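# Topology and contacts: notes
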Amino acid sequence: MSALTVTLGADITALQRALAGATELVAASARRMGKMTGAGLAGLGKGGAAALEKGFAVSGIALKAGIGAALAGGAAAVGIGVKAVNQAADFEQTKVAFTTLIGDAAKAEQTLAKLRKFSDETPFQFPEVSDAARKLIAFGESANTVPATLRRIGDVSAGIQAPIGEIAEIYGKARVQGRLFAEDVNQLTGRGIPIIGELAKQFGVNESQVRKLVESGVVGFPQIEKAFIDMTGKGGKFSGMMEAQSKTTKGLFSTLMDSVNGVFLALGTPINDAIRPLVAEAIDLVPKLMGFESQDVNTNFGDILKSNKAEGGSLFGVKYKDLQQENNRLIASGGEGLGKSAAEAARKAGEFGFTDTFDTTGLKN
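Attention in this report is confined to the structure presented alongside it. Just so it is clear, the model here is predicted, and its values are computed rather than measured.

### Structural notes on the nonpolar core
Residues Leu115, Leu150, Ile153 and Phe228 are the most contacted members of the largest nonpolar core, which totals 47 residues. The residues contacting leucine 115, other than those within four sequence positions of it, are Phe98, Phe126, Val129, Ser130, Ala133, Val146 and Leu150.

This is the structure:
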């Protein structure tokens with residue numbers, strides 16, 4: 001039993017040490033980030049802070065409470081640390097996904113850098129941009145052409161006020177299908193994209209004839225691609241829409257949030273790099289805590305109880321002789337004694353494997 005105790009205690013101590021190390025890394029970095037964030041926001045002054053709060057509310061970004069807390073004395077350190085760690089963890093998963101899709105870690109890094117630059121310059125934030133790009137690559141778009149394709153899709157999305165990932169999915173499915181179907185036409189026109197007019201110009205027909213061309217399978221992906229190029233090129237209906245939207249209040253707030261998230265990513269990445277091996281160590285230790293055979297533990301525990309009883313010891317702090325005396329007192333006063341509850345305890349103990357541990361013979365009425 002002593003060997004079991006030492007081994008189990010050592011493993012628990014190691015697990016606690018690993019978890020404590022990870023926690024302290026987050027807390028220490030969080031404290032530093034809290035001071036930085038609080039000082040930065042405090043520098044806005046009361047007027048600037050009020051305007052910023054109002055602006056966030058108008059744009060639908062609920063950060064008023066966070067800004068107020070920062071001005072009152074700095075943002076909560078742990079909350080900032082967790083935000084930074086989560087931001088870095090999300091980016092790490094995104095990087096793994098792009099590396100898998102592209103098949104080249106270096107090219108994936110380059111693609112993500114371009115996408116982050118893209119999000120910094122447009123009214124779209126990085127998570128939605130990277131998600132749209134991931135869909136395009138999954139549908140067969142080359143990593144080399146994704147930024148240009150995404151810019152065209154982004155201009156169209158900004159023009160019709162639709163999520164960029166939504167339009168990217170329709171576009172990507174058309175690429176995989178190799179042609180346009182009636183459902184695709186309905187989805188595009190239903191969102192305000194004049195795809196019928198663009199196709200009519202390409203084929204030199206009336207708009208009323210476009211659906212027949214679509215049904216006959218004549219309209220392939222090259223025609224869709226050209227339609228997006230024409231709609232977003234110079235003189236096109238959606239030309240420069242992202243740039244225009246990025247200059248609006250909401251667009252500027254989107255850019256601001258991307259910049260803030262970029263800071264969180266920069267701060268969280270080294271924290272995650274330090275935490276990762278500690279978490280891995282903790283994961284390795286958990287099975288060791290579960291690896292002891294239950295029968296061995298129960299047998300050893302039972303031996304201790306029996307030994308204690310034989311030596312006039314106690315069970316969970318209550319001496320056996322005191323239990324017996326209390327039992328006799330209850331019986332003498334007309335009660336049931338301890339037999340009923342002791343027997344029930346013995347039955348429960350048996351369910352958990354502690355057989356032959358409790359001897360209730362002397363406690364029965």
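### Some thoughts on the packing of aromatic side chains
Scanning the model with the defined rule gives three aromatic pairs in all. Judged by centre distance (5.9 Å) and plane angle (45 degrees), the ring pair of phenylalanine 91 and phenylalanine 126 falls under tilted. Pair noted here: phenylalanine 91 is in helix α4 (residues 77-102) and phenylalanine 126 is in helix α6 (residues 126-138), with a separation of 35 residues, a long-range link. For the pair phenylalanine 91 and phenylalanine 126, one class covers both residues: buried. The interplanar angle of 75 degrees and the centroid separation of 5.3 Å between the aromatic rings of tyrosine 171 and phenylalanine 221 together place this pair among those described as edge-to-face. With a gap of 50 residues between them, tyrosine 171 in helix α8 (residues 164-177) and phenylalanine 221 in helix α12 (residues 221-232) connect regions that are remote in the sequence. Take phenylalanine 221: its relative accessible area is 8%, and that puts it in the buried class. Of note, arginine 116 hangs over the ring of phenylalanine 126, and the distance from its end group to the ring centre comes to 4.0 Å. Sitting above the plane of the phenylalanine 181 ring, arginine 179 keeps its charged end 3.9 Å from the centroid.

### Quick notes on the environment of threonine 122
With respect to the helices and strands, the residue threonine 122 is situated in the loop between α5 (105-121) and α6. Excluding anything up to four places from it in sequence, threonine 122 contacts Met242, Ser246, Ser254 and Thr255. In terms of polar contacts, threonine 122 uses its side chain to reach the backbone carbonyl oxygen of phenylalanine 118, at 3.0 Å.

So, how was this worked out
- Residues numbered from 1 in each chain as written.
- Predicted model: local features only at pLDDT ≥ 70, side-chain atom pairs only at ≥ 80, totals over all residues.
- Heavy atoms only, no water.
- Core = buried A, V, L, I, M, F, W, Y, C linked by side-chain atoms within 4.5 Å.
- Buried < 20%, exposed > 50% of the residue type's maximum accessible area, 1.4 Å probe, protein only.
- Contact = heavy atoms within 4.5 Å.
- Phe/Tyr/Trp six-rings, centres within 6.5 Å; stacked < 30°, edge-to-face > 60°.
- Helix = DSSP H or I, 4+ residues; strand = E, 2+ residues; numbered from the N terminus.
- Lys NZ or Arg CZ within 6 Å of the ring centre and 35° of its normal.
- Polar contact = N/O pair within 3.5 Å; in protein donor to acceptor, adjacent residues only side chain to side chain.

By themselves, these figures tell us nothing about what the structure is for.
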